[in-house]
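Chain residues, written in single-letter form:
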Amino acid sequence: MQTLPKERRYETLSYLPPLSDAQITKQVQYILNQGYIPAVEFNETSEPTEFFWTMWKLPLFNATSTQDVLSEVQACRSQYSNCYIRVVGFDNIKQCQVLSFIVHKPSRY
């Protein structure tokens, strides 16, 4: 049995290698299939004590395809390449965020 190297872990899926674009697409499709409302958020840090992220535009209430969400992720990446960027899914029945995962880490790390 091997111990993982000591490094900062972020959120859901953080123990995996960075997600490829195809894997991100599948995760976004899952969000849409579940009826969750996707949103894109960014922050300069991903510290576990940092609870508030800045939302990129409004939640994507009318998103019907993964491309709708991925184009917003790309726009956020081009504007805030020095920030962490994550996709979150909101459940409008439970009125809360039910999942999130990092889609971009700054190159300084």
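Structure: above.
Residues numbered from 1 in each chain as written. Predicted model: local features only at pLDDT ≥ 70, side-chain atom pairs only at ≥ 80, totals over all residues. Heavy atoms only, no water.

(A) Focus on the nonpolar core. Judged by nonpolar contacts, the single largest core of 21 residues is most densely connected at I24, V28, V87, F101 and V103. Secondary structure elements with two or more residues in this core: helix 1 (21–33), strand 1 (37–43), helix 2 (66–79), strand 3 (84–91) and strand 4 (96–104). (Core = buried A, V, L, I, M, F, W, Y, C linked by side-chain atoms within 4.5 Å. Buried < 20%, exposed > 50% of the residue type's maximum accessible area, 1.4 Å probe, protein only. Helix = DSSP H or I, 4+ residues; strand = E, 2+ residues; numbered from the N terminus.)

(B) Structural context of the pairing of strand 4. Here seven bridges tie strand 3 to strand 4, and the two strands are oriented antiparallel to one another. Among the inter-strand pairings, G89 is bridged to a residue of strand 4, identified as L99. (Pairing = 2+ DSSP bridges.)

(C) Region of interest: the pattern of salt bridges. Using the criterion set out here, one finds two salt bridges in the structure. The shortest N-O distance in the salt bridge between R86 and E41 comes to 2.7 Å. With R86 in strand 3 and E41 in strand 1, this residue pair connects regions lying 45 residues apart in the sequence. For the pair formed by R86 and E41, the shared burial category is buried. For K57, the salt bridge goes to E72, with nearest N and O atoms at 3.4 Å. Here K57, found in the loop between strand 2 (54–56) and helix 2, pairs with E72, found in helix 2; they are 15 residues apart in sequence, far enough to count as distant. (Salt bridge = Lys/Arg side-chain N within 4 Å of Asp/Glu carboxyl O.)

(D) Summary view of the environment of N82. With respect to the helices, strands and loops of the structure, N82 is situated in the loop between helix 2 and strand 3. Between the alpha carbons of N82 and E44 there is a distance of 7.0 Å; along the sequence they are 38 residues apart.

(E) Inspection of the sheet that holds strand 4 at higher detail. Ordered in space as 2-1-3-4, the four strands form an open sheet in which the pairing is antiparallel. Two strands lie at the open edges of the sheet, namely strand 2 and strand 4, each paired on one side alone. Adjacent strand axes in the sheet meet at a mean angle of 35°, parallel and antiparallel pairs treated alike. In the sheet, strand 1 pairs with strand 3 via seven bridges, with the strands oriented antiparallel. Bridged to E41 within strand 3 is R86. Sitting on the sheet, helix 1 touches strand 1, strand 3 and strand 4, and the angle it makes with strand 4 is about 165°. (Axes fitted to C-alpha atoms, helices over the stretch in contact; angles between N-to-C directions. Contact = heavy atoms within 4.5 Å.)

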